[in-house]
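Reading the structure
Spelled out from the first residue to the last, the chains are:
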Amino acid sequence: MKNEKRLVMALIVLIVMFLTLLGASGDFENATPPQTTEEESVPLDEDLIVVGFSQLGSESVWRATHTESIQNALSKEHGFFLQYSNARQKQENQIKAIRGFISQRVDYIVFAPFMEEGWETVLMEAKNAGIPVILVDRKIAGSEDLYTTFIGSDMEAEGRKAGEWLEAEESRNPLNGDESLNIVMLTGPVGSTSQIGRSKGFLEVARKHPNWKILAQESGDFTVVKGKETMEKLLRQHEDIDVVVSQNDEMTFGAMEAISEAGLTTGIYGKMKIISFDGVKDALELVDNGKINCDVECNPLQGELLAEVIQRLEVGKTVEKEYFVDELVFTKENVRDYLNDRVY
Ligand code: GYE
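Let me begin by describing the structure that accompanies this report. The structure presented is a predicted model; accordingly, all values stated were derived computationally and were not measured.

The periodicity of an α-helix, 3.6 residues per turn, causes residues three or four positions apart to be oriented the same way. With 14 residues, helix α3 (residues 91–104) should cover 20 Å at 1.5 Å per step; its first-to-last C-alpha distance of 20 Å lies within 8% of that length. Those residues of α3 that fall on the buried side of the exposure criterion are Q94, A97, I98, F101 and I102. Buried positions in α3, seen along its axis, are confined to an arc of 140° and lie on one side of it. Seen from the buried face of α3, the exposed residues on the opposite side, beyond 90 degrees, are E92, K96 and S103. Next to the buried residues of α3 lie β1 (49–55), β2 (80–86), β3 (108–111) and α4 (120–128). Of the residues one or two after α3, R105 is the one with positive phi, at around 55°.

Let us look at the pattern of salt bridges. Inspection of every chain in the model, using the stated rule, returns 19 salt bridges. Here E204 ties to R160 by a salt bridge, and the two come within 3.4 Å at their closest N and O atoms. In this pair, E204 sits in helix α6 (residues 193–206) while R160 sits in helix α5 (residues 155–172), placing the two residues 44 residues apart along the sequence. According to the relative accessible area criterion, E204 is partly exposed, its value standing at 31%.

For the rest of this paragraph, the subject is the site of the ligand. Taken together, 13 residues lie near the ligand, and E59, D137, R138, S194 and D278 sit nearest. Within the side chain of E59, a nitrogen or oxygen atom sits 2.3 Å from an oxygen atom of the ligand. One of the side-chain nitrogen or oxygen atoms of N248 is found 2.9 Å away from an oxygen atom of the ligand. For the ligand, whose accessible area on its own is 300 Å², the fraction buried by protein is 100%.

Put simply, side chains in a regular strand alternate between the two faces of the sheet. Alignment of strand β6 (residues 181–187) against strand β7 (residues 212–219), held across seven bridges, turns out to be parallel. Its bridge partner being in β7, V184 is matched across the sheet by A216. Once you follow β6 into α6 and on to β7, the crossover reads as right-handed.

On inspection of all chains with the given rule, the structure shows five aromatic pairs. Ring centres of F111 and W119 lie 4.8 Å apart, and the angle between their planes is 65°; on these two criteria the pair is classed as edge-to-face. Here the two residues F111 and W119 agree in accessibility, since each one is buried. The interplanar angle of 70° and the centroid separation of 6.1 Å between the aromatic rings of F150 and F324 together place this pair among those described as edge-to-face. With F150 in strand β5 (residues 149–152) and F324 in strand β11 (residues 322–324), this residue pair connects regions lying 174 residues apart in the sequence. Against the face of F150 rests K139, its NZ or CZ located 4.8 Å from the ring centre. The residue whose ring lies beneath K321 is Y147, and the NZ or CZ to ring-centre distance is 4.6 Å.

Next up on the list: the side chain of D278. Considering the arrangement of structural elements, one finds D278 in strand β9 (residues 273–278). Since its relative accessible area comes to 3%, D278 is described here as buried.

Sheet strands pair via backbone hydrogen bonds, and the direction of the pair is either parallel or antiparallel. The strand order β7-β6-β8-β9-β10-β12 describes an open sheet built from six strands, whose pairing is mixed. Each edge of the open sheet is held by one strand with a lone partner, namely β7 and β12 (329–330). Of the strands in this sheet, β6, β7, β8 (243–246), β9, β10 (294–297) and β12 are in contact with α5, which crosses β9 at around 155°.

For the rest of this paragraph, the subject is α4. Three or more residues of α4 are buried, namely V122, L123 and A126. All buried residues of α4 fall inside an arc of 95° around its axis, so they share one side. Of the residues in α4, the exposed ones pointing more than 90 degrees away from the buried face are T121 and N128. Contacts made by the buried residues of α4 are with α3, β3 and β4 (133–137). Count one or two residues on from α4 and you reach G130, which has phi positive near 75°.

This part covers the pairing of β2. Inspection of the sheet shows β1 paired to β2 by seven bridges, in the parallel sense. Across the sheet, residue Q55 finds its bridge partner in β2, namely N86.

Definitions and cut-offs
Residues numbered from 1 in each chain as written. Predicted model: local features only at pLDDT ≥ 70, side-chain atom pairs only at ≥ 80, totals over all residues. Heavy atoms only, no water. Helix = DSSP H or I, 4+ residues; strand = E, 2+ residues; numbered from the N terminus. Expected span 1.5 Å × (residues − 1). Buried < 20%, exposed > 50% of the residue type's maximum accessible area, 1.4 Å probe, protein only. Arc of directions from axis to C-beta. Contact = heavy atoms within 4.5 Å. Salt bridge = Lys/Arg side-chain N within 4 Å of Asp/Glu carboxyl O. Near = heavy atom within 4 Å. Polar contact = N/O pair within 3.5 Å; in protein donor to acceptor, adjacent residues only side chain to side chain. Areas by Shrake-Rupley, 256 points an atom, 1.4 Å probe, with all protein chains shown as cover. Pairing = 2+ DSSP bridges. Right-handed = clockwise from strand over helix to strand, strands pointing away. Phe/Tyr/Trp six-rings, centres within 6.5 Å; stacked < 30°, edge-to-face > 60°. Lys NZ or Arg CZ within 6 Å of the ring centre and 35° of its normal. Axes fitted to C-alpha atoms, helices over the stretch in contact; angles between N-to-C directions.

Here it is, written out as structure tokens:
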């Protein structure tokens, strides 16, 4: 009995050493699979689909949730071996990570592009290596041939929803009559899909209203600190801000701090209307207590859909060029129905 146990232990050690060596050389394809028994439910590494995932950073709760959703869905239990790399908001780090995945000859490259421009060279390298690329969250500029599919949000639609909410609100309860409605926009990093799409969608609606005045569009980098700093600056520059359109909840939290430190109030009982994006739990609570007027949802739970799409590709099924996740608009009227179930 003791000897048998030892033998099993020795075998396990050997298998682990074998897998470590294999991981180091990255040569998954040419490996002979080690022996496996019928009862094993967790697939051995050789059967796993190897995915390199380059996340752009960890600037927001949305981002952390997005990362976790992908890590959970692409787990060993589900048949994946995930290599995760965080680029910390630097495109060059993402390019490096993608090159690393190519040299390891992963089965798929998944990445959330920080910016839209600047991917041609590295994605040509992936294409030449025969590795399918899946975009998540944000898109790239240029040829659609450089990636297999996209999974994420329709950012332009989100921007439009924000504009349409303001349009409806103004027709119910016009703030300044026909006088100008002064709007400032806190945007995401300029050149990212979230900034481009949300701005475009909102401005499309704004253009229909001659009295909507866009006083400023400034990036707050999707962070609390930069959101606050930018809002402080805008409050110094403009006396009569009626509406703040803030392209993510973190910047909204920062902006609201700046606004309240300036002695001003926000929301349905306050002076400034606040429109935010993402819909994380802390923000939905502020919608519920009336401090944020409207929060346009951006759904970070993209992992399961991503896993499904990869499984389809694995068996040679066709996939769509883009998949959009479902998203709502939250206001005081409906937020209670969703608040309790919000996990992030
Ligand atoms: O809104 C923001 C995050 O690209 C949709 O990036 C994403 C945005 C999200 O940092 O919170």
